[in-house]
Amino acid sequence: QVQAVESGGGLVQPGGSLRLSCEVSGSIFRVVAMGWYRQAPGKQRELVADITNGGTTNYADSVKGRFTISRDTAKNTMYLQMNSLKPEDTAVYYCNKKRPPYWGWGQGTLVTLSS
């Protein structure tokens, strides 16, 4: 069973940066498109960035120009570099496949913006 484990969240001031990591068990990571999702309090989970196995990336308008998604196939790990963070970026961030059927959702990693 494939598992994706997120890490790297924390408390940061507006304008700050964080780098999230997503480690995936199994070689399937090499052939699937992956995505970073987030769920803010009281809102539905949304896809904020995705990357194909070939490295093509897409971003939600709300994070374009501030977030960068990348992947390291040798490490079975995906990253999300988040710069110029805003209060509205506060959420639990998850990683999973870009398209269903999804793997089981992990606990995510909490990103909190606080002044």
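As a reminder, the structure under discussion sits directly above these lines.
Cut-offs used in this document
Residues numbered from 1 in each chain as written. Predicted model: local features only at pLDDT ≥ 70, side-chain atom pairs only at ≥ 80, totals over all residues. Heavy atoms only, no water. 1 Å grid on protein atoms, 1.4 Å probe; cavity = no way out; pocket = protein on both sides within 12 Å on 5 of 7 lines; lining within 4 Å. Points joined across faces, edges and corners; volume = space filled by probe spheres on them. Nonpolar A, V, L, I, M, F, W, Y, C, P; charged D, E, K, R; others polar. Disulfide = S-S within 2.5 Å. Helix = DSSP H or I, 4+ residues; strand = E, 2+ residues; numbered from the N terminus. Buried < 20%, exposed > 50% of the residue type's maximum accessible area, 1.4 Å probe, protein only.

1. Here we look at the layout of surface pockets
- Estimates place the volume of the largest pocket at around 160 Å³.
- Contributing to the lining of the largest pocket are R38, A40, K43, Q44, E46, S62, R66, K86, E88, T90 and A91.
- A breakdown of the residues in the lining of the largest pocket according to their chemical character gives two nonpolar, three polar and six charged.

2. With respect to the state of the cysteines
- Using the criterion set out here, one finds one disulfide in the structure.
- Here C22 connects covalently by a disulfide to C95, the sulfurs 2.0 Å from one another. Judged by the sign of its S-S torsion, about 75 degrees, the bond between C22 and C95 is right-handed. With C22 in strand β3 (residues 18-24) and C95 in strand β9 (residues 91-97), the pair connects residues that are 73 residues apart, well separated along the chain.
- The exposure class of C95 is buried, given its relative accessible area of 1%.

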